[in-house]
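# Coordinate analysis (summary)
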Amino acid sequence: VPAPDARAGSDRPTVIAHRGASAYAPENTLDAVDKAAELGVDWVENDVQRTKDGELVVVHDDNLRRTTDVEEVFPDRAPWKVKDFTAAEIARLDAGSWFDPAYADARVPTLKQFVDRVELHHQELLLEIKNPELYPGIEQQTLKVLDNEGWLDGPHLDGRLIVQSFSADSVRTVHELNPGVKTGLLGTPAVADLGRYAAFTDQINPSYGSISTSYVASVHAIEGAHGRPLEVFTWTVNDASTARLVAGYGVDGIITNTPDVVRDAFPTE
Ligand code: G3P
Ligand code: CA
């Protein structure tokens, strides 16, 4: 198991496989987790939403059209929103052929299935609560699944789990429900607002095109919810030269569809 803080003592930012190693396997599937592990990548990002009957599932869009065959299987169910399908219905869908027919057996995983696979590989998890405004109570439910699967014990909380969202309300709720969980706020808040977010978050996670050396330094200058400088994990960087550029800005982590490319941008010798 790697050190909890892969950046400590190194100039190389932590590398996080975005939706799994999503350049090489269908995003947010167990295959994408396996592919990240195969590449030797420790951190995996995902997106969590909720079905009609209350199951948490891992899928990015609020509808199932782009990443499954839902239109073929359920032609009369437009607009094919995740929240309008039961877990059993979603489990029938092919979540891989859109990417490559070789992945026709891939399914939209439940959160439980996803975290169990991440655990199997001893990886770390950057969990995004997606569209929380559509799913009241999803923060509590996410923590319950994590707890049931053993993710809220000491080793995981010591740098192996971060819960993030674009919604500051959702991040604050996670922090209030379990102050031990490390959290991240997605987006690029104004520097003047960082202090109030720092009360409940440990990271500010912006798109790479929106940041600079000076912005990253301003974030690092503020103490986060756990008493350490706020960190920056930036997204979505898929080539070596941009990876080196944002590393030069001082970011702590790079979220990428091509984790091998980003890792290899920073030779260890
Ligand atoms: O983790 C950062 C990134 O995933 C945020 O954007 O749209 O890919 O969820 P998105
Ligand atoms: Ca995401």
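Residues numbered from 1 in each chain as written. Chains lettered and ligands numbered in written order. Predicted model: local features only at pLDDT ≥ 70, side-chain atom pairs only at ≥ 80, totals over all residues.

Along the backbone of the protein chain there are 11 helices and 9 strands. Taking 2.2 N^0.38 as the reference for a compact globule, 269 residues should give roughly 18 Å; the C-alpha atoms of the protein chain span a radius of gyration of 18 Å, in line with that estimate. Overall, the protein chain is about 50 × 40 × 35 Å in size when its C-alpha atoms are taken along their principal axes. The buried share of the protein chain, reckoned over its 269 residues, is 46%. Considering only residue pairs separated by 6 or more positions, the protein chain has 59% of its internal contacts joining residues 24 or more positions apart. (Helix = DSSP H or I, 4+ residues; strand = E, 2+ residues; numbered from the N terminus. Rg over C-alpha atoms; globule rule 2.2 N^0.38 Å. Buried ≥ 20, exposed ≤ 12 C-beta atoms within 10 Å, placed from the backbone. Contact = placed C-beta atoms within 7 Å.)

If you look at the biggest cluster of nonpolar residues, it comprises 65 residues, and the most contacted ones within it are Ile16, Val33, Ala36, Val44, Val57 and Ile254. In terms of residues, this core owes the most to one element, helix α1 (residues 30–38), which gives 5 residues. The residues contacting isoleucine 254, other than those within four sequence positions of it, are Pro13, Val15, Ile16, Thr234, Val237, Ala243, Val246 and Val262. (Core = buried A, V, L, I, M, F, W, Y, C linked by C-beta atoms within 7 Å.)

As a matter of local geometry, ligand 1 sits amid His18, Glu45, Asp47, His60, Glu128, Leu186, Asn205, Trp235 and Ile255. In terms of residue class, the shell around ligand 1 is built from 3 nonpolar, 3 polar and 3 charged. (Near = placed C-beta within 6 Å. Nonpolar A, V, L, I, M, F, W, Y, C, P; charged D, E, K, R; others polar.)

What follows concerns the environment of asparagine 148. Mapped onto the elements, asparagine 148 comes out in helix α5 (residues 138–148). With 11 C-beta atoms packed within 10 Å, asparagine 148 lands in the exposed category. Placed 81 residues apart in sequence, asparagine 148 and threonine 67 show a C-alpha to C-alpha distance of 28 Å.

At their nearest, the axes of α5 and helix α7 (residues 168–177) sit 9 Å apart, and the two run at 50 degrees to each other. Accordingly, the angle class assigned to the pair α5 and α7 is oblique. At the point where α5 passes α7, the crossing takes the right-handed sense. Residue-level contacts link Glu139, Gln140 and Leu143 of α5 to Ser170, Thr173, Val174 and Leu177 of α7. Considering only residue class, the contact of α5 with α7 consists of 3 nonpolar, 3 polar and 1 charged. (Axes fitted to C-alpha atoms, helices over the stretch in contact; angles between N-to-C directions. Parallel < 35°, antiparallel > 145°, perpendicular 65-115°, else oblique. Left-handed = near helix turned anticlockwise from the far one by under 90°.)

Quick look at the UniProt feature "domain: GP-PDE" (unreviewed entry) in the protein chain now. Here, the residues flagged by UniProt with the feature "domain: GP-PDE" (unreviewed entry) are residues 13–266. Secondary structure across residues 13–266 divides into 32% helix and 17% strand, with the first and last C-alpha atoms of the span separated by 9 Å. (UniProt positions renumbered as here; feature names shortened; annotations may be inferred.)

Taken together, the buried positions of α5 are occupied by Ile138, Glu139, Thr142 and Leu146. Across the axial projection of α5, the buried residues extend over an arc of 105 degrees, all falling on one side. Within α5, the exposed residues directed more than 90 degrees away from the buried face are Gln140, Asp147 and Asn148. Residues of α5 that are buried sit in contact with β2 (43–50), β3 (56–58), α4 (111–120), β4 (124–129), β5 (161–165) and α7. Count one or two residues on from α5 and you reach glycine 150, which has phi positive near 85 degrees. (Arc of directions from axis to C-beta.)

A few words now on the pairing of strand β8 (residues 231–234). Where burial is concerned, the two faces of β8 agree: the one with Glu231 and Phe233 and the one with Val232 and Thr234 are both buried. Across 2 bridges, strand β7 (residues 203–205) lies against β8 in parallel orientation. Bridge assignment links glutamine 203 to a residue of β8, and that residue is glutamate 231. Handedness of the β7-helix α9 (residues 213–220)-β8 crossover: right-handed. Direction of pairing for β8 relative to strand β9 (residues 253–256): parallel, over a ladder of 2 bridges. (Pairing = 2+ DSSP bridges. Right-handed = clockwise from strand over helix to strand, strands pointing away.)

On to the environment of glycine 248. If you trace the backbone, glycine 248 turns up in helix α10 (residues 240–249). When the C-alpha positions of glycine 248 and serine 212 are compared, they lie 9.2 Å apart, and in sequence the two are 36 residues distant.

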